[in-house]
Amino acid sequence: MPVDRRDSQSTILLSVATAVPLNVVLFGPPGAGKGTQADVFAECHAVPKISTGDMLRRAIQEGSELGLLVKDTLQRGALVSDDLMIRLVGQRLEWPDTAGGFVLDGFPRTIEQAAALERMMAGRGPIVVIALVVHADEVVRRLSHRGRHDDEEWVIRERLQVYSDSTEPVLEYFRRRKTVTVLDGNRPPEEVTKAIEGAVSQAIERASNS
Ligand code: ADP
């Protein structure tokens, strides 16, 4: 039986078989709107939002062992090691709240992380990757208004460089596997939300029929 997962306040509707979990990855450069869209998706579909940036910033704030380990890396806009990130996300994906799916924001950021995600998800339903494409000048404009600690201009530049060197190739990786839908992220947030809903619902349908 198909089940409606419907947000009470909106008309957004996603019909999926209950057996298919909503395993969604939001992919894109810093400032693409992944965090904002992940919040909306998580709320609307009652799945957990797993944001690696939030997890790391929380660890830093708490002064935990993990936080101490990654603080300097985040300040520089560099990438935390694949080993550490894969362990962190791997542990999080074992929580029972991910059984009906999740929305991942900030992972995978390297080919190695992408391959690890596929291994972790083996037998747990399809992974739906939504890539948000945003013009470079729009990214800089958005980030310079956000005011986060790592949003100083030189760190932004570094993060964009890291994105094109290490993270953008992941898009090609998912393209080859035909698990990604590329969407225009330059539009207003509500329009992007609608586009994501449509794309996820189509991808789930395709996956259920194959
Ligand atoms: P943005 O919103 O700019 O994309 P995030 O909040 O996702 O940034 O991540 C902030 C920082 O956390 C990154 O610049 C990086 O240092 C670290 N980080 C987050 N996710 C990962 C990951 N998957 N691999 C390596 N480093 C990561």
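None of these values were measured; they are calculated from a predicted model. (Residues numbered from 1 in each chain as written. Predicted model: local features only at pLDDT ≥ 70, side-chain atom pairs only at ≥ 80, totals over all residues. Heavy atoms only, no water.)

Read from one edge to the other, the open sheet built from 5 strands follows the order β4-β5-β3-β6-β7, with strand pairing classed as parallel. Each edge of the open sheet carries a strand with a single partner, namely β4 (49-51) and β7 (180-184). Averaged over all pairs of adjacent strands, the angle between strand axes in this sheet comes to 20 degrees, irrespective of strand direction. Pairing of strand β3 (residues 22-27) with strand β6 (residues 127-133), which is carried by 5 bridges, proceeds in the parallel orientation. (Pairing = 2+ DSSP bridges. Helix = DSSP H or I, 4+ residues; strand = E, 2+ residues; numbered from the N terminus. Axes fitted to C-alpha atoms, helices over the stretch in contact; angles between N-to-C directions.)

In terms of burial, β6 is largely enclosed, as 6 of its 7 residues are buried. Alignment of β6 against β7, held across 5 bridges, turns out to be parallel. Looking across to β7, one finds that V133 is bridged to D184. (Buried < 20%, exposed > 50% of the residue type's maximum accessible area, 1.4 Å probe, protein only.)

We now examine the pattern of salt bridges. Scanning the entire structure with this criterion turns up 15 salt bridges. With a shortest N-O distance of 2.8 Å, R92 and D97 are connected by a salt bridge. In this structure R92 comes out as buried when scored by relative accessible area, which is 12%. For D97, a relative accessible area of 37% puts it in the partly exposed group. Notably, a salt bridge pairs R159 with D150, separated by 3.8 Å at the nearest N-O pair. By relative accessible area, R159 is classed as buried at 10%. If you follow the salt bridges from partner to partner, you end up with R146, R148, D150, D151 and R159 in one network. (Salt bridge = Lys/Arg side-chain N within 4 Å of Asp/Glu carboxyl O.)

Looking only at helix α2 (residues 52-62), the buried set comprises T52, G53, M55, L56 and A59. Here the buried residues of α2 occupy an arc of 165 degrees about the axis, which is enough to place them on one side. Facing away from the buried surface of α2 by more than 90 degrees, the exposed residues are Q61 and E62. On its buried side, α2 packs onto β4, α3 (65-76), α4 (82-92) and β5 (101-105). Taken from the residues just after α2, G63 is the one with a positive phi, measuring 70 degrees. (Arc of directions from axis to C-beta. Contact = heavy atoms within 4.5 Å.)

In this section: the packing of α2 against α4. Geometry of a packed helix pair, given as the angle between the helix axes and the separation of the axes. At their nearest, the axes of α2 and α4 sit 11 Å apart, and the two run at 105 degrees to each other. Classed by the angle they form, the pair α2 and α4 counts as roughly perpendicular. Residues T52, M55 and L56 of α2 pack against M85, L88, V89 and R92 of α4. Counted by class, the contact of α2 with α4 contains 5 nonpolar, 1 polar and 1 charged residues. (Parallel < 35°, antiparallel > 145°, perpendicular 65-115°, else oblique. Nonpolar A, V, L, I, M, F, W, Y, C, P; charged D, E, K, R; others polar.)

Of all residues adjacent to the ligand, which total 18 residues, the nearest are T52, R57, A78, G106 and R159. Interatomic distance of 3.1 Å between a backbone N/O atom of V80 and a nitrogen atom of the ligand. Here a nitrogen atom of the ligand and a backbone polar atom of G106 are 2.9 Å apart. Burial of the ligand by the protein amounts to 97% of the accessible area it has alone, namely 560 Å². (Near = heavy atom within 4 Å. Polar contact = N/O pair within 3.5 Å; in protein donor to acceptor, adjacent residues only side chain to side chain. Areas by Shrake-Rupley, 256 points an atom, 1.4 Å probe, with all protein chains shown as cover.)

Moving on to the side chain of T98. Mapped onto the elements, T98 comes out in the loop between α4 and β5. Note on T98: relative accessible area 2%, which makes it buried. Among the polar contacts listed, one links the side chain of T98 to the backbone oxygen of L93, at a separation of 3.0 Å. Residues within four places of T98 in sequence aside, it is in contact with P48, I50, R92, L93 and R124.

Note that all results are geometric; they support no functional claim without further evidence.
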